[in-house]
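# Architecture at a glance
Listed below are the residues making up each chain.
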Amino acid sequence: MVNINPAIFREYDIRGVVGEDLTEEIVEILGKAYGTYIRRQNKKKLTVGRDNRLSSERFRSALIKGLLFTGCDVIDVGLCPSPAFYYSLYHLNPDGGMMVTASHNPPQFNGFKLSDGKDSLYGEKIQEILQIAVKGDFAQGRGEVTSYQIIDPYVQMILEKIKISRPLKVVIDAGNGTASSIAPHILETLGCRVEKLFCEMDGNFPNHFPDPTVPKNLTTLIQRVTESAADLGIAFDGDSDRIGVVDYKWKLILGVD
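Notes on the structure in this doc start here.

So, how was this worked out
- Residues numbered from 1 in each chain as written.
- Predicted model: local features only at pLDDT ≥ 70, side-chain atom pairs only at ≥ 80, totals over all residues.
- Heavy atoms only, no water.
- Helix = DSSP H or I, 4+ residues; strand = E, 2+ residues; numbered from the N terminus.
- Rg over C-alpha atoms; globule rule 2.2 N^0.38 Å.
- Buried < 20%, exposed > 50% of the residue type's maximum accessible area, 1.4 Å probe, protein only.
- Contact = heavy atoms within 4.5 Å.
- Areas by Shrake-Rupley, 256 points an atom, 1.4 Å probe, with all protein chains shown as cover.
- Lys, Arg positive; Asp, Glu negative; His and termini not counted.
- Charge placed at Lys NZ, Arg CZ, Asp CG, Glu CD.
- Pairing = 2+ DSSP bridges.
- Axes fitted to C-alpha atoms, helices over the stretch in contact; angles between N-to-C directions.
- Right-handed = clockwise from strand over helix to strand, strands pointing away.
- Parallel < 35°, antiparallel > 145°, perpendicular 65-115°, else oblique.
- Left-handed = near helix turned anticlockwise from the far one by under 90°.
- Nonpolar A, V, L, I, M, F, W, Y, C, P; charged D, E, K, R; others polar.
- Salt bridge = Lys/Arg side-chain N within 4 Å of Asp/Glu carboxyl O.

### Some thoughts on the overall build of the protein chain
When helices and strands are tallied, the protein chain shows 7 helices and 12 strands. Here the C-alpha radius of gyration of the protein chain, 19 Å, is about what a compact globule of 257 residues would show, namely 18 Å. For the C-alpha atoms alone, the extent of the protein chain along its principal axes is close to 60 × 35 × 25 Å. A total of 257 residues make up the protein chain; the buried ones form 56% of that total. Taking all contacts inside the protein chain whose residues are at least 6 apart in sequence as the whole, residues at least 24 apart take part in 73%. For the protein chain, the accessible area works out to roughly 12,000 Å², and carbon and sulfur atoms hold 50% of it. Across the protein chain, the mean location of the 29 positive side-chain charges is 3 Å away from that of the 33 negative side-chain charges.

This is the structure we're talking about:
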């Protein structure tokens, strides 16, 4: 039996310290538990995405191994922002899915966001996954895995929905997370002049913790917006589902996921 720390099963996700709370063996069990939850509803088609944390690729593989064991079919949508993963729930219409990410937490963390259909699992449903994992009474089958690149249709969807009336000068602080290439590309395609800040994906997050709702993490962005006389600056967290904005008057607008 593998000891699983029940404290990692939080209100809205599963999240813990890599190498302590989360190992590949534990992640495979989580895949089996979630897969069993899905199979008990006579469902089986799932999407799986991941962020760029150092452990995310191997956790993705362990997770898929567990899901396939239960007979779930997996569409691997690859390295992507969490919003792109959520878009896959509409674009590919699976029965649910899991995103490997610890969102805005420090580099030593990782975790999982779970969906049932298009709805996020939370509260008692997260605890239900824990109970399935502890009991170890997993569904069994033989699932199949395929790959699908979700980024292109996700970007196209955004470009079709957003129009900018005049060109803007924007500083993007991707925090070395999953917005690093996507956010600048979208804004440049929309006609903006973009200055990039920390737009190289690095799971160590060497420049600052990837949480743009903490003002101290926006210090460099504020300085760059000032020096560049930009219209605004936008900072993203690690998986690109929360932002912090600096306007041309240096006012902070802090948003959350």
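### Here's the deal with the sheet that holds strand E10 (residues 232–236)
Read from one edge to the other, the open sheet built from 5 strands follows the order E9-E8-E10-E11-E12, with strand pairing classed as mixed. Each edge of the open sheet carries a strand with a single partner, namely strand E9 (193–197) and strand E12 (252–254). On average, adjacent strands in this sheet sit at an angle of 20° to one another, irrespective of strand direction. Each of strand E8 (169–173), E9 and E10 touches helix H6 (residues 182–189); the most contacted strand, E9, lies at about 170° to it.

### Some points on the pairing of E8
Most of E8 is tucked away: 4 of the 5 residues are buried. Here E8 pairs with E9 via 5 bridges, running parallel. Its bridge partner being in E9, Val171 is matched across the sheet by Glu195. What joins E8 to E9 is H6, and the crossover it makes is right-handed. Two strands pair when backbone bridges link them, and E8 and E10 are joined in this way by 4 bridges, in the parallel orientation. What sits directly across from Ile172, in E10, is Ile234.

### With respect to the packing of helix H5 (residues 151–161) against H6
Two elements in contact, H5 and H6, have axes separated by 11 Å at closest approach and are oriented at 40°. As the angle between them shows, H5 and H6 are arranged oblique. In this structure, H5 meets H6 at a crossing whose hand is right-handed. Contact residues: H5 offers Ile151, Val155, Ile158 and Leu159, while H6 offers Ile182, His185, Ile186 and Thr189. Taken together, the residues that form the contact of H5 with H6 break down as 6 nonpolar, 2 polar and no charged.

### Regarding the environment of Asp152
Mapped onto the fold, Asp152 is located in helix H5. Asp152 sits in the exposed class, given a relative accessible area of 56%. For the pair Asp152 and Ala84, spaced 68 residues apart in the sequence, the C-alpha separation amounts to 9.6 Å.

### Some details on the packing of helix H1 (residues 24–39) against helix H2 (residues 56–69)
Two numbers describe how H1 lies on H2: the axes approach to 7 Å, and their chain directions differ by 40°. As far as their axial angle goes, H2 and H1 are oblique. As for the relative orientation of H1 and H2, their crossing is right-handed in sense. Facing Glu24, Val27, Glu28, Gly31, Lys32, Tyr34 and Gly35 of H1, the residues of H2 in contact are Arg58, Phe59, Ala62, Leu63, Lys65, Gly66, Leu67 and Phe69. Looking at the contact of H1 with H2, its residues break down into 7 nonpolar, 3 polar and 5 charged.

### Remarks on the pattern of salt bridges
On inspection of all chains with the given rule, the structure shows 16 salt bridges. Here Arg60 makes a salt bridge to Glu57, at a shortest N to O gap of 3.8 Å. Of the two residues, Arg60 and Glu57 both sit in helix H2, 3 residues apart, roughly one turn of that helix. Of the residues examined, Arg60 reaches a relative accessible area of 13% and is grouped as buried. In this structure, Asp239 engages Lys113 in a salt bridge whose closest nitrogen and oxygen atoms are separated by 3.0 Å. Note that Asp239 is positioned in the loop between E10 and strand E11 (243–247) and Lys113 in strand E5 (residues 109–116), a separation of 126 residues in sequence. Among the charged side chains, a network of salt bridges with common partners joins Arg10, Asp13 and Arg15.

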